[in-house]
Amino acid sequence: MKCLKALFLVLLSLFPVITLNAAPAQPVAVVVSAAASLTDLMNEAKIAFEAEHSGVRIDLNFAATGVLQTQIEQGAPVAVFAGASSDNLAALNKKGLLDEKLMKVLCGNTLTLLLRPGLTLPGAGSFAQVTDPLLKRIAVGDPQYVPAGKYAITLLTKLNLAESVRPKLVYASNVREALTWVGLGEVDAAIVYNTDAITAKGLQVQATTKPDELKIEYGIAVTKIGSQIPGSYQFVAFLTGDQGRKLLKKYGFLTD
């Protein structure tokens, strides 16, 4: 028996020693649902944040704010929600779906009336020109889901133009779709955020609201799901800190 044991040990020594290397740790995934109007900003913020936080991966999901709210209500695994209206965050918080200790105002914005390529209107630029006969189709976000659409209707109502202009309105699923339609000439004009308008080429800016003329407030929060993921808080802190504010200003958002 001792001879067999010795022989076994000799044979075992002939085989190469295999070292099992532990698989590298995977970065923590943080799902961020953001309003479509934040697309360019968030794409750059993701790159900058991940460069500083190798252990966190930001997965971005863009849609109309109202659609994103519904997804969260239906159980989507969203860690951070950045919406174009603080009302949507308040509704989610009321249902106990957000970490109310970290609900913040992210930024502000303004609205712009854009005209399709090649179209000009007589006279000085004004939102009152939405009644001009040359404007037969005006794109706005669907006010049921898209804050930009709600803001547009609010503005038109303040100007006593909502009822007269309503037959001209064409509802887009998000503000970026409205921007695309006017850029392609599928509509004569669109009411979009100024941050979207400044990305457009070949389109005439007819009018832009002043910050004190219409309050547009974006909000950001960590969800109850996100509260279990440390990277969620880090990303919100990044966006609301100095680096985030610089990026917001770069893309035309209001931070003061």
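Here, every reference points to the structure presented above.
In this report, we go over the structure that sits alongside the text. (Residues numbered from 1 in each chain as written. Predicted model: local features only at pLDDT ≥ 70, side-chain atom pairs only at ≥ 80, totals over all residues. Heavy atoms only, no water.)

## Comments concerning the overall build of the protein
Step number 1: Secondary structure summary: the protein contains 10 helices and 10 strands in total.
Step number 2: Taking the principal axes of its C-alpha atoms as reference, the protein extends roughly 105 × 40 × 35 Å.
Step number 3: In the protein, which comprises 256 residues, the share counted as buried stands at 45%.
Step number 4: Counting contacts in the protein only where the partners sit at least 6 residues apart, residues at least 24 apart contribute 76% of the total.
Step number 5: Accessible surface computed for the protein: about 13,200 Å², of which carbon and sulfur atoms make up 58%. (Helix = DSSP H or I, 4+ residues; strand = E, 2+ residues; numbered from the N terminus. Buried < 20%, exposed > 50% of the residue type's maximum accessible area, 1.4 Å probe, protein only. Contact = heavy atoms within 4.5 Å. Areas by Shrake-Rupley, 256 points an atom, 1.4 Å probe, with all protein chains shown as cover.)

## With respect to the sheet that holds strand E4 (residues 98-108)
Note: strands within a sheet are paired through backbone hydrogen bonds, in either parallel or antiparallel orientation.
Step number 1: Reading across the sheet, the five strands line up as E2-E1-E3-E10-E4 and stay open at both edges, with mixed pairing between neighbours. With partners counted over all chains shown, the strands left at the sheet margins are strand E2 (56-63) and E4, one partner each. Strand-to-strand twist across the sheet, computed as the mean angle between neighbouring axes with direction ignored, equals 20°.
Step number 2: Pairing between E4 and strand E10 (residues 217-223): six bridges, direction antiparallel. By the bridge assignment for E10, Leu98 is matched with Thr223.
Step number 3: Packed onto the sheet, helix H3 (residues 65-73) meets strand E1 (28-35), E2, strand E3 (80-83) and E10 and runs at close to 120° relative to E2. (Pairing = 2+ DSSP bridges. Axes fitted to C-alpha atoms, helices over the stretch in contact; angles between N-to-C directions.)

## Structural notes on the nonpolar core
Step number 1: Leu38, Leu111, Ile191, Tyr193 and Tyr218 are the most contacted members of the largest nonpolar core, which totals 71 residues.
Step number 2: Broken down by element, the residue count for this core peaks at six residues, all from helix H5 (residues 147-158).
Step number 3: Among all residues touching Tyr218, those that are not within four sequence positions of it are Ser37, Leu38, Gly83, Ala84, Ser85, Lys104, Val105, Leu106, Cys107, Asn109, Tyr193 and Phe253.
Step number 4: If you look at the next biggest cluster of nonpolar residues, it comprises nine residues, including Ala63, Ile72, Leu89 and Leu92. (Core = buried A, V, L, I, M, F, W, Y, C linked by side-chain atoms within 4.5 Å.)

## Some details on helix H4 (residues 86-94)
Counting along an α-helix, one turn takes 3.6 residues, and residues three or four places apart therefore face a common direction.
Step number 1: Turning to H4, its buried residues number three or more, namely Asn88, Leu89 and Leu92. Down the axis of H4, the buried side of the element spans an arc of 100°, and every buried residue falls inside it. The exposed set on the far side of H4, more than 90 degrees from its buried face, consists of Asp87 and Lys94.
Step number 2: Turning to H4, the residues buried within the fold contact H3, E3, E4, H5 and E10.
Step number 3: Residue Gly96 follows H4 closely and has a positive phi angle near 75°. (Arc of directions from axis to C-beta.)

## Focus: the sheet that holds strand E5 (residues 111-115)
Step number 1: Strand order in the open sheet formed by five strands is E7-E6-E8-E5-E9, and the pairing between neighbours is mixed. The sheet terminates laterally at strand E7 (169-172) and strand E9 (204-208), the two strands that pair on one side only. Across the sheet, the mean angle from the axis of one strand to that of its neighbour is 30°, orientation sign disregarded.
Step number 2: Inspection of the sheet shows E5 paired to E9 by four bridges, in the antiparallel sense. Bridge pairing in E9 places Leu115 opposite Gln204.
Step number 3: Sheet strands in contact with helix H7 (residues 175-183) are E5, strand E6 (138-141), E7 and strand E8 (189-193), and its direction is about 145° off that of E8.

## Things to note about the packing of helix H2 (residues 39-52) against helix H10 (residues 242-250)
Step number 1: Between H2 and H10, whose axes approach to 10 Å, the crossing angle comes to 155°. Between H2 and H10, the angle falls in the class roughly antiparallel. The chirality of how H2 crosses H10 is right-handed. Between H2 and H10, the residues in contact are Leu41, Glu44, Ala45 and Glu52 and Gln243, Leu247, Leu248 and Lys250, respectively.
Step number 2: Residue composition of the contact of H2 with H10, by class: four nonpolar, one polar and three charged. (Parallel < 35°, antiparallel > 145°, perpendicular 65-115°, else oblique. Left-handed = near helix turned anticlockwise from the far one by under 90°. Nonpolar A, V, L, I, M, F, W, Y, C, P; charged D, E, K, R; others polar.)

## Quick word on the side chain of Arg176
Step number 1: Turning to its location among the elements, Arg176 is positioned in helix H7.
Step number 2: The exposure class assigned to Arg176 is buried, which follows from its relative accessible area of 19%.
Step number 3: A distance of 2.5 Å separates the side chain of Arg176 from the side chain of Asp196, its partner in a polar contact.
Step number 4: Sequence-distant contacts of Arg176, defined by excluding residues within four places in its chain, comprise Ala36, Ser37, Thr39, Asp40 and Asp196. (Polar contact = N/O pair within 3.5 Å; in protein donor to acceptor, adjacent residues only side chain to side chain.)

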